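Working through the structure, step by step
For reference, the chains in residue letters:
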Amino acid sequence: MQLEQLISKFQEKDIKSFERLYEMYSDSMFGVIYAIVRNKEEAEEVLQDVFVKAWKSSSSYSAKKGRFFTWILNIARNSAIDKIRSKSFNQGKQNLDATFFVDILETYDNLDTKIDISGLQKYVNTLRDTCKKLIELLYFKGYTQKEASVALKIPLGTVKTNNRKCISELRKNVLK
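1. Brief notes about the nonpolar core
M29, I33, V50, F68, W71 and I72 are the most contacted members of the largest nonpolar core, which totals 26 residues. When residues of this core are traced back to their parent elements, those giving at least two are α1 (3–11), α2 (15–37), α3 (40–56) and α4 (68–85). In terms of residue count, α4 provides more of this core than any other element does, nine residues in total. Apart from residues no more than four positions distant in its own chain, I33 is found in contact with R38, A43, V46, L47, V50, A76 and A80. Membership of the second largest hydrophobic core comes to 14 residues, among which are L127, F140, V159 and C166.

Okay, structure coming up:
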């Protein structure tokens, strides 16, 4: 079955199509989520929430606005960011061993982290350095645009403009 047909059936609430899309995308989405929440159990929980949200809002997906992968990736990324900003997530971190935080800080600062989200990293690596750094922060590490602005020491407006340009460039590389 073609991807378009699978998505169409998914939007019609076909369980088999949902299961197939879950098989196709769950590993990639887990990678994105885990890179942000840095906890396996929390990442698994968020992953389930992502697919429930996708199921409930399947009618909001439109191929005219972008690819299905991008749509569900945005749901995953936003859900993971919501999770780490939640009060319950932060309270659960209060009594953690210091090595947990050292690991996060080392990973947070290392822009060379090897995250391979279904081959996406190879396309990101073809981008110029400014795009690599920006995409790493915004999409793989869950920074807000304002946080990326501070980290990269560039104006917020420049981050927003570069983000659009970099995503456009990435799209062109993927579609080659």
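Picking up after the structure, the text goes on.
2. Points about the environment of W71
Along the chain, W71 falls in helix α4. What makes W71 buried here is its relative accessible area of 15%. The spacing of W71 and Y61 is ten residues in sequence and 7.0 Å in space, taken between C-alpha atoms. Each residue touching W71, except ones within four places of it in the same chain, is listed here: F10, A54, S57, S58, S60 and Y61.

3. Some points on the packing of helix α8 (residues 129–140) against helix α9 (residues 145–152)
In a pair of packed helices, the angle between the axes and the distance between the axes together describe the arrangement. The contact between α8 and α9 brings their axes to 9 Å, and the two run at 135°. Judged on the interaxial angle alone, α9 and α8 are oblique. As α8 packs across α9, the resulting crossing turns out to be right-handed. Listed contacts from α9 to K133, L134, L137 and L138 of α8 are Q145, A148, A151 and L152. Residues belonging to the contact of α8 with α9 are distributed by class as follows: six nonpolar, one polar and one charged.

4. Observations concerning the packing of aromatic side chains
Aromatic ring pairs are described here by two measures, namely the spacing of the ring centres and the angle between the planes. Scanning all chains against the criterion turns up twelve aromatic pairs. Ring centres of F10 and F18 lie 6.1 Å apart, and the angle between their planes is 15°; this geometry places the pair in the stacked category. Plain terms: the ring middles of Y61 and F68 are 5.4 Å apart, the flat faces sit at 80° to each other, and that makes the pair edge-to-face. The exposure classification of Y61 matches that of F68, with both residues buried. Through a chain of ring-to-ring contacts, the aromatic side chains of F10, F18, Y22, Y25, F51, W55, Y61, F68, F69 and W71 assemble into a single cluster. Stacked on the ring of W55, the Lys or Arg K13 has its end atom at 5.0 Å from the ring centre.

Procedures and definitions
Per chain, residue numbering runs from 1 following the sequence as it is written. For a predicted model such as this one, the threshold for reporting local features is a pLDDT of at least 70, and the threshold for listing and counting side-chain atom pairs is 80 or more; totals across whole chains, interfaces and linings nevertheless cover every residue. As a rule here, side-chain values come from all non-hydrogen atoms in the structure, and water together with hydrogens is ignored. Here, nonpolar core means buried Ala, Val, Leu, Ile, Met, Phe, Trp, Tyr and Cys residues that are tied together by side-chain atoms lying within 4.5 Å of each other. We call a residue buried when its accessible area falls under 20% of the maximum for its residue type, exposed when it is over 50%, and partly exposed in between, using a 1.4 Å probe and counting protein chains only. Secondary structure elements are taken from DSSP: a helix is a run of H or I of four residues or more, a strand is a run of E of two residues or more, and numbering for both begins at the N terminus. Here a residue-residue contact requires only that any non-hydrogen atoms of the pair lie within 4.5 Å. Under this scheme, a helix contributes an axis fitted over its contacting stretch, all axes are lines through C-alpha atoms, and angles between N-to-C directions fall in the 0 to 180 degree range. Here the word oblique covers every angle except those under 35 degrees (roughly parallel), over 145 (roughly antiparallel) and from 65 to 115 (roughly perpendicular). By definition, any crossing whose near helix is turned counterclockwise from its far helix by less than a right angle is left-handed, and any crossing with a clockwise turn is right-handed. Side-chain classes follow a simple rule in which Ala, Val, Leu, Ile, Met, Phe, Trp, Tyr, Cys and Pro form the nonpolar group, Asp, Glu, Lys and Arg form the charged group, and the remainder, Gly included, forms the polar group. For Phe, Tyr and Trp, rings pair up if their centres lie within 6.5 Å, where Trp contributes its six-membered ring, and each pair is then called stacked (planes under 30 degrees apart), edge-to-face (over 60) or tilted (otherwise). For a ring to carry a charge above it, either NZ of a lysine or CZ of an arginine must fall within 6 Å of the ring centroid while also lying within 35 degrees of the normal to the ring plane.

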